[in-house]
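Spelled out from the first residue to the last, the chains are:
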Amino acid sequence: MKTDDLIDKLSAGLEPASPWWVTRRILIGLGCGAFFSALLMIVWLGVRPDLMDAMTGTMFWMKFGYTLACSAVLVAALIRVARPGGSMGSLAWALAAPFALVGGMALWRLANAEPVIAHGMLMGDSAEVCPWRIAVLSLPIFAGAVWALRGLAPTRLVLSGFVAGGCAGAMGAWIYAFHCNESAAAFVALWYTAGMAVVALLGALAGRRLLRW
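Quick summary incoming for the structure in this document. The structure displayed is predicted, hence computed values, not measured ones.

Basis of the calculations
- Residues numbered from 1 in each chain as written.
- Predicted model: local features only at pLDDT ≥ 70, side-chain atom pairs only at ≥ 80, totals over all residues.
- Heavy atoms only, no water.
- Helix = DSSP H or I, 4+ residues; strand = E, 2+ residues; numbered from the N terminus.
- Buried < 20%, exposed > 50% of the residue type's maximum accessible area, 1.4 Å probe, protein only.
- Polar contact = N/O pair within 3.5 Å; in protein donor to acceptor, adjacent residues only side chain to side chain.
- Contact = heavy atoms within 4.5 Å.
- Axes fitted to C-alpha atoms, helices over the stretch in contact; angles between N-to-C directions.
- Parallel < 35°, antiparallel > 145°, perpendicular 65-115°, else oblique.
- Left-handed = near helix turned anticlockwise from the far one by under 90°.
- Nonpolar A, V, L, I, M, F, W, Y, C, P; charged D, E, K, R; others polar.
- 1 Å grid on protein atoms, 1.4 Å probe; cavity = no way out; pocket = protein on both sides within 12 Å on 5 of 7 lines; lining within 4 Å.
- Points joined across faces, edges and corners; volume = space filled by probe spheres on them.

This part is about the side chain of Arg48. Position of Arg48 relative to the elements: it lies in the loop between helix H2 (21-44) and helix H3 (51-54). Here Arg48 falls in the buried class, since its relative accessible area comes to 11%. Polar contacts involving the side chain of Arg48 include one to the main-chain carbonyl oxygen of Cys180, which spans 3.2 Å. Apart from residues lying up to four places away in sequence, Arg48 is in contact with Ala54, Phe60, Lys63, Phe178, His179, Cys180 and Asn181.

The structure is reproduced here in structure tokens:
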């Protein structure tokens, strides 16, 4: 069989892939990971008992909104970098917006607080465990993101791993917020962000190995 005939035979009957294929696969991976992460949080840490009362406060929604906004931006970025040559583009600036908002709120509150109170706002009661709990809760989501990317075609493996880790970290932080009773903007800006950054760094370091074609 001639080469041209072989190509024609192999390509016969092919249909174009759905434009939503990448998005659908990533959402499936992240959704499955988030399910197991939430289950882990409930079994390991438990939902805070005063959750309904906490939801009436503005600062709970600040924490909730910060982690959810970061998650949304990073999911969109993950869909981009999953394609050959994909980059974050303007989404890198979009990601900076929620951090700038929460960081600005934290600095304003710290500047207007007494030193002892400011220290409590920054450290809370769980600074030493918060980033690591977020990192652990993020691992199932990171595994789901890696599964999704391995079935796609990312070419910038370090960046893809970084975004996958950051996305998992942000979603893990959002899930952790249902357990954590810390609500100071300074605490969230520092320790929640540190937890996300740990997973993003892990993803960047592991991306070349885990996402290799």
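This is not the end of the story, as more comes after the structure.
The geometry of helix H4 (residues 58-81) relative to helix H5 (residues 91-111) is characterised by a closest axis approach of 8 Å and an angle of 160° between their N-to-C directions. Between H4 and H5, the crossing angle belongs to the class labelled roughly antiparallel. Crossing hand, H4 versus H5: left-handed. For the pair H4 and H5, the contacting residues are Met59, Met62, Tyr66, Ala69, Cys70, Val73, Leu74, Ala76, Ala77 and Arg80 in the first and Leu91, Ala94, Leu95, Pro98, Phe99, Val102, Met105 and Arg109 in the second. Its residues assigned to classes, the contact of H4 with H5 comprises 16 nonpolar, no polar and 2 charged.

This brings us to the layout of surface pockets. What the largest pocket holds in volume is close to 230 Å³. Residue assignment for the lining of the largest pocket shows that the elements contributing at least two residues are H4, H5, helix H8 (157-176) and helix H9 (185-210). Of all the elements, H9 adds the most residues to the lining of the largest pocket, at 4 residues. Looking at side-chain class alone, the lining of the largest pocket contains 10 nonpolar, 2 polar and no charged residues.

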